[in-house]
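Here's the letter readout for the chains.
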Amino acid sequence: EKSDTYIVFGEAKIEDLSAQAQASAAQQFTQGAAGGAALEAPKEKAKIEEVEDEGEVDESGVEPKDIELVTSQTSCSRSKAVAALKANNNDIVEAIMQLSSS
């Protein structure tokens, strides 16, 4: 009869990847807000509003599933979602946060 025995020095933790992703997104958001991202936000919002008036939007470089996710989470138009994703380097979390704060 064999049994596995482990000796752990320090604190044993279970790695939770979803919690780590949320924590890093929150950290990036707080660093961006403190670093002057708030000053850039009005410019980005203006760009988003301009794109909406143009009608058809260039979706090159943006994943369709990312656009669908942003539009479903923020209830905004497809063109606004594309503009927000492009303004935030295809970062879904940042795009959603930008659109939901406007």
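Notes on the structure in this doc start here. A quick note: this is a predicted structure, and the numbers were derived from the prediction, not measured.

A word on helix H3 (residues 64–74)
Those residues of H3 lying buried are Asp66, Ile67, Val70, Thr71 and Thr74. Taken end-on, H3 shows its buried residues confined to a sector of 130 degrees, consistent with a single buried face. Seen from the buried face of H3, the exposed residues on the opposite side, beyond 90 degrees, are Lys65, Ser72 and Gln73. Positive phi appears at Ser75, one or two residues downstream of H3, with a value of about 55 degrees.

Quick word on the nonpolar core
Within soluble globular proteins, side chains that are nonpolar generally end up buried alongside one another. Val57, Val62, Ile67, Val70, Cys76, Ala81, Val82, Ala84, Leu85, Ala95 and Leu99 form the largest nonpolar core, which has 11 residues in total. Every element with two or more residues in this core is listed here: H3, helix H4 (78–87) and helix H5 (92–101). Per element, the largest residue contribution to this core is 4 residues, and it comes from H4. Those residues in contact with Val62, other than ones at most four positions away along the chain, are Ile67, Val82, Leu85, Lys86 and Asn90.

Digging into the packing of H3 against H4
In contact at an axis separation of 9 Å, H3 and H4 are set at 115 degrees when each is read in the N-to-C sense. The angle between H3 and H4 places the two elements in the roughly perpendicular class. Between H3 and H4 the crossing geometry is right-handed. Residue-level inspection shows Asp66, Ile67, Glu68, Val70 and Thr71 of H3 in contact with H4, the latter providing Arg78, Ala81, Val82 and Leu85. Taken together, the residues of the contact of H3 with H4 break down into 5 nonpolar, 1 polar and 3 charged.

Observations regarding the pattern of salt bridges
Within the structure shown, the criterion is met by 4 salt bridges. The partner of Asp66 in a salt bridge is Lys65, and the shortest N-O contact between them spans 3.9 Å. Since its relative accessible area comes to 60%, Lys65 is described here as exposed. Through salt bridges with shared partners, a single network forms among Glu59, Glu68 and Arg78.

Quick notes on the rules
Residues numbered from 1 in each chain as written. Predicted model: local features only at pLDDT ≥ 70, side-chain atom pairs only at ≥ 80, totals over all residues. Heavy atoms only, no water. Buried < 20%, exposed > 50% of the residue type's maximum accessible area, 1.4 Å probe, protein only. Helix = DSSP H or I, 4+ residues; strand = E, 2+ residues; numbered from the N terminus. Arc of directions from axis to C-beta. Core = buried A, V, L, I, M, F, W, Y, C linked by side-chain atoms within 4.5 Å. Contact = heavy atoms within 4.5 Å. Axes fitted to C-alpha atoms, helices over the stretch in contact; angles between N-to-C directions. Parallel < 35°, antiparallel > 145°, perpendicular 65-115°, else oblique. Left-handed = near helix turned anticlockwise from the far one by under 90°. Nonpolar A, V, L, I, M, F, W, Y, C, P; charged D, E, K, R; others polar. Salt bridge = Lys/Arg side-chain N within 4 Å of Asp/Glu carboxyl O.

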